[in-house]
Amino acid sequence: MVWWLFLLLLLGAVVVAYVADSWRYVLTGAAVHYLAVSFLLLGEGLPLFGVLRLGVGVAAVLIVYLTLRQLAPPTRRGPSVQRVLRASRDHPYRLAVLALTVVIAYGLAAANPFPGVTGEGSLAAYFLGGSALLMLVVGRQLLRDGISLLFLDSALQFLGAAATFETAFLPVALGSLATPLLALAIAFLVALQPEAASSGDQGR
Amino acid sequence: MNPLLLALVVLLPGIGGLGLFLLRGQGWRRVVVATTLVAQTYLALILPLGAASEILGLSLEWSPLGRLFLPLFGLLTLAMAVQGEAPPYGPNFASLGLFVLASLSGLLVSEPPVGAFLLVTAGLVGLFVIPQRPKLALSWQAAHRYLAHTFLGGAALVLGLFLLTVYSTALLGLPLLRIGVGLLALGFALRLGIVPLHRWLVEMEEHTLSMGAALILGLINVGTLVFLVMVFVEMPPAVLDPRASQLIAGGGLLSIGLGGFLGLSQDNPHRLVAFSTVFDLGFILYGLSAVTEMSWLGALWAIFHHSLIQLLLHTSLGLAEGRREGEARVSPAGILGFWGGGIALAGLPPLSPSLGRWMILTVALRSHWALGALMIGASVAILLAYLRVGHRLFLRPVTLSLEPAPPAPGEETGLGSAKNERAPLAARLSVGLILAAMVALTFYPMSHLTLMQQAIQGFAFPTS
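Residues numbered from 1 in each chain as written. Chains lettered and ligands numbered in written order. Predicted model: local features only at pLDDT ≥ 70, side-chain atom pairs only at ≥ 80, totals over all residues. Heavy atoms only, no water.

### Concerning the interface of chain A and chain B
Phase 1: At the junction of the two partners, chain A supplies 39 residues and chain B supplies 36 residues.
Phase 2: Taken together, both faces of the contact between chain A and chain B bury some 3,600 Å²; the carbon and sulfur share is 80%.
Phase 3: Run the count over chain A and chain B and you get two residue pairs in polar contact (both at pLDDT 80 or more).
Phase 4: Contributing elements (two or more residues each) for the side of chain A that touches chain B: helix 6 (119-138), helix 7 (142-162), helix 8 (169-176) and helix 9 (178-198) of chain A.
Phase 5: The dominant element in the side of chain A that touches chain B, judged by the number of residues it contributes, is helix 9 of chain A, at twelve residues. (Contact = heavy atoms within 4.5 Å. Buried area = accessible area lost by both parts, 1.4 Å probe. Polar contact = N/O pair within 3.5 Å; in protein donor to acceptor, adjacent residues only side chain to side chain. Helix = DSSP H or I, 4+ residues; strand = E, 2+ residues; numbered from the N terminus.)

### Concerning the packing of helix 12 (residues 269-289) of chain B against helix 13 (residues 293-321) of chain B
Residues and elements named next belong to chain B.
Phase 1: Packing of helix 12 against helix 13 brings their axes to within 8 Å, and their N-to-C directions diverge by 170 degrees. Of the possible angle classes, the one that applies to helix 12 and helix 13 is roughly antiparallel. Counting all contacts with helix 12, which are made through Pro-269, His-270, Val-273, Thr-277, Asp-280, Leu-281, Ile-284, Gly-287 and Leu-288, the residues of helix 13 involved are Ser-295, Trp-296, Ala-299, Ala-302, Ile-303, His-306, Ile-309, Gln-310, Leu-313, His-314, Leu-317 and Glu-321. (Axes fitted to C-alpha atoms, helices over the stretch in contact; angles between N-to-C directions. Parallel < 35°, antiparallel > 145°, perpendicular 65-115°, else oblique.)

### Some remarks on the packing of aromatic side chains
All names here are of chain B.
Phase 1: Scanning all chains against the criterion turns up twelve aromatic pairs over all chains.
Phase 2: Between the aromatic rings of Phe-279 and Phe-283, the centroid separation amounts to 5.2 Å while the plane-to-plane angle is 80 degrees, which identifies the pairing as edge-to-face. Placement of both Phe-279 and Phe-283 in helix 12 is noted, with a separation of four residues, approximately one turn of the helix. The pair formed by Phe-279 and Phe-283 is uniform in burial state, with each residue classed as buried. (Phe/Tyr/Trp six-rings, centres within 6.5 Å; stacked < 30°, edge-to-face > 60°. Buried < 20%, exposed > 50% of the residue type's maximum accessible area, 1.4 Å probe, protein only.)

### Examining the environment of Pro-180 of chain A
Residues and elements named next belong to chain A.
Phase 1: Among the secondary structure elements, Pro-180 is positioned in helix 9.
Phase 2: Sequence separation between Pro-180 and Leu-170 is ten residues, and the spatial gap between their C-alpha atoms is 16 Å.
Phase 3: Residues contacting Pro-180, with those up to four places away along its chain left out, are Val-56 and Ile-63.

### A few points about the nonpolar core
Residue and element names in this part refer to chain B.
Phase 1: With 231 residues, the main nonpolar core has Phe-69 and Phe-338 as its most contacted residues.
Phase 2: The leading source of residues in this core is helix 9 (residues 210-234), at 17 residues.
Phase 3: If near-sequence neighbours (up to four positions away) are discounted, Phe-338 is found in contact with Pro-269, Leu-272, Val-273, Leu-313, Ser-316, Leu-317, Tyr-386, Val-389, Gly-390, Leu-393 and Phe-394. (Core = buried A, V, L, I, M, F, W, Y, C linked by side-chain atoms within 4.5 Å.)

### A few points about the confidence of the model for chain B
All names here are of chain B.
Phase 1: Across chain B, the average pLDDT comes to 84, with 88% of residues at 70 or higher.
Phase 2: Predicted confidence is poor over residues 400-423, with pLDDT under 50, and the contacts of this stretch with residues over four places away or in other chains come to 54 contacts.
Phase 3: The ipTM assigned to the predicted complex is 0.86, against a pTM of 0.88. (pLDDT = per-residue confidence, 0-100.)

Here it is in structure tokens:
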């Protein structure tokens, strides 16, 4: 029962991250997704890895949040931040893609669970990885693409920690370094995006 | 031998990179870079082969590949750091180089699953050198594409290795194992820029400053190739599965053909370098897919020289970037480096890449004459392309036709960002040293070949 609560939390977080038009909600979704993944790792009997994932996730979200806040101070919503995440009208389309991912992930987890990982853990990994890949294919905005990459990273890190081939702490911790670095790369590109969009060499 | 020395090999460049962030004085920064790289190279040379240690469950082992490639990576990082000291590279270029080196050092001493994560890390660090001010929109787009490709490639590698580790060789026929092999192939193709997934490489090369592109193609991509060899040696199903080897050979041959013949049609030197890089990668992949001792030695030799060729070509392009519009002066180091790179890529003596090229060509000709004909034809095309573009680039006054959209009179040449009236001494020195090293290795290749033989010793070749 508790498993399903964690999975629902994860589903809700991913839906919010992909459907919301405000970057603050998108990042909230990303943060909650890290919480859900940590709970799932706790459920797999890996509390240390759960704490590590939460810490790394908080750092990653914080990096992107601080960058976006600099682009759009709370008192002045400048035009720059609108370039980072434009409002779109394809919510039903995105929801349909996510619903499709849930069905596919459920089928895959039932038929081919990852070895060494529980069925629920496999479902979470398939869902996170699948939704990230599908959204990367349909997405055209850097911030959402970045969030997709973070979700894909989460799925891989979850598998790396939960499966048999990496049971020691240091290898997983080393692998986790990729998460804040990925967030830093996304923040770096997001910060340059307004300047890049307004510079004159576009389309040359 | 203290096992912590092995950990120090990885930690040194990381600590050096962090130190550079704190230091602002150029003199001190040079001292830190030089000390770090000298100390790491010294360790790489004195550590006994096979030395191993385990720290909190992380197994580290010193292999012949480490001894062969770590000093090379160190030298490359040094050359890039010195050339990237001046604007427009920015003060953090050397730090980024050291962080990449730290990731690659970790990759060389750890097991493949950990190595895959370190490769992702190195790829992500490489992203920071792509966006640059003179052509920000285009380089930003290139960086965006690079990020997606490098991360997706890394993800495919991690997942593929996961499946290959979990399923043993005895279960070769299982679909999930085949999926694992397929994911590995996809991951390497995405990460390296193999045809038809080469678009990021061409875009990145075209819109990134020379030393930035050299960092990605000469260090990170070569690290990826070394990792590919490590995976093959430790996980034979990844290459012994007939479908896998056919896939790799197909990608390699496509890259040789398309890279070579598309290279011939390029006027932009950066695009030529990009396509010739794809062409060279094709030879390496074909050599690995043939799975004979000779072809693997040829591939390893080619991987080693891929790094040197990238530095040589990008240093030459850097010298071209220093020329201003209308300047007619011949740049001897530039033209030597550019044409030397072309000769090296075409596999012609007296430069040492010819040894590896001939080994791979021999294996291909034994397989089918048409494969050899394709390789020779593409090599001739690359040589002609380099002679033509090199002539335009260095022996004629800088013209506006080098780039599709010319800059305003008196501004940059269009080849990135012009910065120096005189070509830096370090760049000229690099060109001379690399060419001299290539000639020396032609006549004295045995020490390197012995290390390469040791690196693949444990692999049971099906045909031998």
